[in-house]
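# Summary of the model geometry
Given next are the chains, with one letter for each unit.
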Amino acid sequence: MLLAILTLSCFALGSSAFVEENLCFGDTLRIPFEYRPRFFSGRIYFTPSKKGGSRKLIMENGEMKDPRLRDSTYSIRLTDLTERDDGTFSISFSDNSIYDIIKLNISKCAEEVERSYMTRYSRKIPREVQYLEFTPISSLDTPRILWNRTDPQTNTGGRGHVKHNYWEIVELTEADNGFYNFRKKDNTLDFRIQLIVKEYTRHYDAKVNERLHIRYPLPVSFTPRNMTFTPKGKRTSIMLMEDGSLVSGNHSMSEISNLIGRIQLLNDGMEIDPVESTDSGVFEFRDHKGNLALTVQVEVEQVYAYVYVALIVGIVLMVIVCFCCLKKRCCKKNSAPKTTATPTVHYHNTIKLEDPSYSAAQPASAYQPLNPLGTREPTREPAREPTREPTSLGPPAYNTVDIHVNPTQPEVAVPGGQGAAPALSVGSDYLSSDSVPKFELKGVNFPSAPPLSSDSAYSDVYTSDKFSVGSAPKVQSGAELNSI
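Positions within a chain are numbered from 1, following the residues in the order the chain's sequence is written. A pLDDT threshold of at least 70 governs which residues receive local features in this predicted model, and a stricter bar of 80 or more applies before side-chain atom pairs are shown or counted, although totals over entire chains, interfaces and linings include all residues. Calculated side-chain values reflect all of the structure's heavy atoms, with hydrogen atoms and water omitted.

The helix count covers DSSP runs of H or I at least four residues long, the strand count covers runs of E at least two residues long, and both are numbered beginning at the N terminus. If you tally the helices and strands in the protein, you get 4 helices and 30 strands. Relative accessibility under 20% of the residue-type maximum defines a buried residue, over 50% an exposed one, and the middle range a partly exposed one, all with a 1.4 Å probe and only protein chains included. Within the span of the protein, comprising 484 residues, buried residues form 29% of the whole. In the protein, the proportion of contacts linking residues at least 24 apart, taken out of those at least 6 apart, comes to 59%. Within the structure as shown, the protein displays about 31900 Å² of accessible surface, and the carbon and sulfur contribution to it stands at 54%. What makes two residues a contact is simply this: any of their non-hydrogen atoms within 4.5 Å. Accessible areas in this description were obtained via Shrake-Rupley with a 1.4 Å probe; residue shielding takes into account the shown protein chains only.

The structure is reproduced here in structure tokens:
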């Protein structure tokens with residue numbers, strides 16, 4: 001009687017304490033001592049977290065119904081926890097009311113190892129490990145023994161083999177995904193690994209009307225048996241290849257039938273020619289056992305209608321701008337003032353001067369005025385700098401000058417006579433640019449000087465040390481030359 005009262009009082013004090021435990025795979029759960037068989041005569045239940053799991057009785061009236069339960073001095077222990085132990089533990093008394101006391105969360109707590117399709121993996125086995133257990137990722141409730149140190153007959157001939165304390169598995173596939181538990185002799189967990197075998201993945205950016213070559217990036221020879229295609233934006237996969245051959249049946253989707261007609265199988269992959277905009281999606285390739293070997297994502301560049309509209313608008317604007325520019329240029333040409341041609345002046349009986357700097361100087365003449373002494377020595381005049389204005393000597397007899405300018409051939413004529421001396425003419429190389437009208441004089445009479453000949457009674461010789469502008473010319477008579 002006293003024991004029942006103590007049990008009820010302990011439960012009343014501790015029943016309100018609901019706890020949550022987070023433990024790893026292979027750990028041990030300790031249930032509080034007040035639920036030990038000698039103190040607790042009620043029932044203990046377990047309800048798994050997995051959907052569809054039913055409530056299970058694990059202890060009733062002090063009798064343990066799970067072989068992993070151990071009664072200790074201070075608690076009840078549940079050993080060798082697995083994923084199946086993830087759930088809630090409850091108690092019940094004679095009134096059939098259920099009270100939750102523990103929420104247990106199991107973590108995998110395993111070393112993750114990733115490998116690619118058709119590669120290998122090896123691991124050293126410690127000496128204290130007695131056997132190797134494998135739990136497939138798809139069936140955690142059905143573990144199986146792959147290797148036993150003391151009893152080789154228990155080996156089920158599963159994947160991998162042990163040699164020199166090394167466990168090795170070759171040609172990994174998706175079927176090898178799962179947990180590998182290395183246990184000791186007392187069934188406690190020494191360590192655990194999670195092997196993850198991944199398929200190869202590739203990504204291709206394709207363009208419409210081009211050729212797409214998808215290669216099999218595998219280290220060994222590979223021939224896919226099945227191939228599915230999931231269009232972009234959809235969740236349903238469509239079978240394109242089955243047992244190594246393209247599916248030739250009719251499909252409800254016309255674009256899929258069109259895709260199969262554009263696929264060509266090659267030794268190192270497959271080819272789609274030509275690519276269309278509906279080919280965006282995911283292609284999956286599987287081997288003869290259904291293991292996923294290759295995943296290819298194809299993204300076809302989409303050319304939307306607004307792109308074409310923008311191009312057309314841009315071309316139209318360019319044409320309009322060019323037309324406006326040409327029209328404006330033509331209007332400027334038509335409105336520009338017309339300039340008349342500059343008349344040119346023709347010269348006749350011109351004398352070419354040797355030095356342009358002296359072209360405007362006084363012309364040499366045979367007439368020499370007498371000095372006061374009555375000799376023929378020319379009188380000296382101060383040196384004059386050459387000017388660019390045409391000059392002449394002597395008292396010319398000027399007649400009235402009539403200037404006739406013709407737009408095509410302007411000419412200035414001075415009436416004189418047939419016997420008039422040649423007029424001074426200045427070439428275009430000295431005068432200003434051709435834009436200024438040029439004039440020539442005709443018919444101006446100059447007093448003629450006796451001709452210079454060998455029959456004359458005297459001769460004048462003109463000498464000069466320098467043919468410079470600042471020096472005055474020196475004339476010597478014949479008498480002086482005789483005296484010398």
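Attention shifts here to the pattern of salt bridges. In the sections that follow, a salt bridge refers to a side-chain nitrogen of Lys or Arg positioned within 4 Å of a carboxyl oxygen of Asp or Glu. Scanning all chains against the criterion turns up 18 salt bridges. For Arg183, the salt bridge identified is with Glu133, shortest N-O distance 3.4 Å. Note that Arg183 is positioned in strand β16 (residues 178–183) and Glu133 in strand β12 (residues 131–136), a separation of 50 residues in sequence. Residue Arg183 is classed as buried on the basis of its relative accessible area of 2%. As a salt-bridge pair, Arg215 and Asp268 come within 2.7 Å of each other at their nearest N and O atoms. Here Arg215, found in strand β19 (residues 212–215), pairs with Asp268, found in the loop between β23 (263–265) and β24 (269–272); they are 53 residues apart in sequence, far enough to count as distant. Residue Asp268 is classed as partly exposed on the basis of its relative accessible area, which comes to 32%. Among the ionic contacts, a cluster of salt bridges with common partners joins Asp66, Arg68 and Asp85.

So, about the pairing of strand β17 (residues 189–198). DSSP bridges decide pairing: two strands pair if at least two such bridges lie between them. Summarising the sheet, strand β10 (residues 111–116) and β17 pair through 6 bridges and their orientation is parallel. In the sheet register, Ser116 faces β17, and the bridge partner there is Lys198. Summarising the sheet, β16 and β17 pair through 6 bridges and their orientation is antiparallel. Across the sheet, residue Gly178 finds its bridge partner in β17, namely Leu195. The antiparallel pairing of β16 with β17 creates a hairpin that spans 5 residues between the two strands, and Asn187 there sits at a positive phi of about 75°.

Moving on, we get to the nonpolar core. We call a set of buried Ala, Val, Leu, Ile, Met, Phe, Trp, Tyr and Cys residues a nonpolar core when their side-chain atoms join them within 4.5 Å. Core analysis: the biggest nonpolar cluster contains 27 residues, and Leu240, Phe283 and Phe285 have the highest contact counts within it. For this core, the elements supplying multiple residues, two or more each, are β18 (200–206), β19, β20 (226–231), β21 (238–242), α2 (254–261), β24, β25 (281–286) and β26 (292–300). Per-element accounting of this core gives the leading share, 5 residues, to β26. Leaving out residues up to four positions away in the same chain, Phe285 has contacts with Tyr216, Phe222, Pro224, Asn226, Met227, Met270, Asn291, Leu292, Ala293, Leu294 and Val296. Residues Ile31, Leu69, Leu81 and Ile101 belong to the second largest nonpolar core, which totals 20 residues.

Right, let's talk about the state of the cysteines for a bit. Two cysteine sulfur atoms make up a disulfide if the distance between them is within 2.5 Å. Taken as a whole and judged by the stated rule, the model has 1 disulfide. Across the disulfide, Cys24 is cross-linked to Cys109 (sulfur-sulfur distance 1.9 Å). Measuring the twist about the S-S bond at about -60°, one finds the Cys24-Cys109 disulfide to be left-handed. Of the two residues, Cys24 sits in strand β1 (residues 19–24) while Cys109 sits in the loop between β9 (98–107) and β10, which places them 85 residues apart along the sequence. Assessed through its relative accessible area of 25%, Cys24 is described here as partly exposed. Residue classification places Cys109 among the partly exposed residues on the basis of a relative accessible area of 43%. Summary of cysteine pairing: Cys324 is not part of a disulfide, and the nearest cysteine sulfur, belonging to Cys325, is at 6.9 Å. Given a relative accessible area of 44%, Cys324 falls into the partly exposed group. Cys325 takes part in no disulfide bond, and the closest cysteine sulfur, belonging to Cys322, lies 6.5 Å away. According to the relative accessible area criterion, Cys325 is partly exposed, its value standing at 47%.

Among the structural elements, Glu210 can be located in the loop between β18 and β19. Distance from Glu210 to Pro274, taken between C-alpha atoms, is 5.2 Å for residues 64 residues apart in sequence.

So, on to the confidence of the model for the protein. pLDDT is a residue-level measure of predictor confidence that goes from 0 to 100. In the predicted model, the protein carries a mean pLDDT of 74, and the fraction of residues at 70 or more is 61%. Segment residues 407–436 is flagged for pLDDT under 50; beyond a separation of four residues in sequence, or across chains, it makes 65 contacts in the model.

For the rest of this paragraph, the subject is the pairing of strand β3 (residues 43–48). Remark: a regular strand shows side chains that alternate across the two faces of the sheet. Where β3 lies against strand β4 (residues 56–60), 4 bridges are found, and the strand directions are antiparallel. Counted as the bridge partner of Tyr45 is Leu57 from β4. Relative to strand β8 (residues 87–92), β3 runs antiparallel, the two sharing 6 bridges. Its bridge partner being in β8, Thr47 is matched across the sheet by Thr88.

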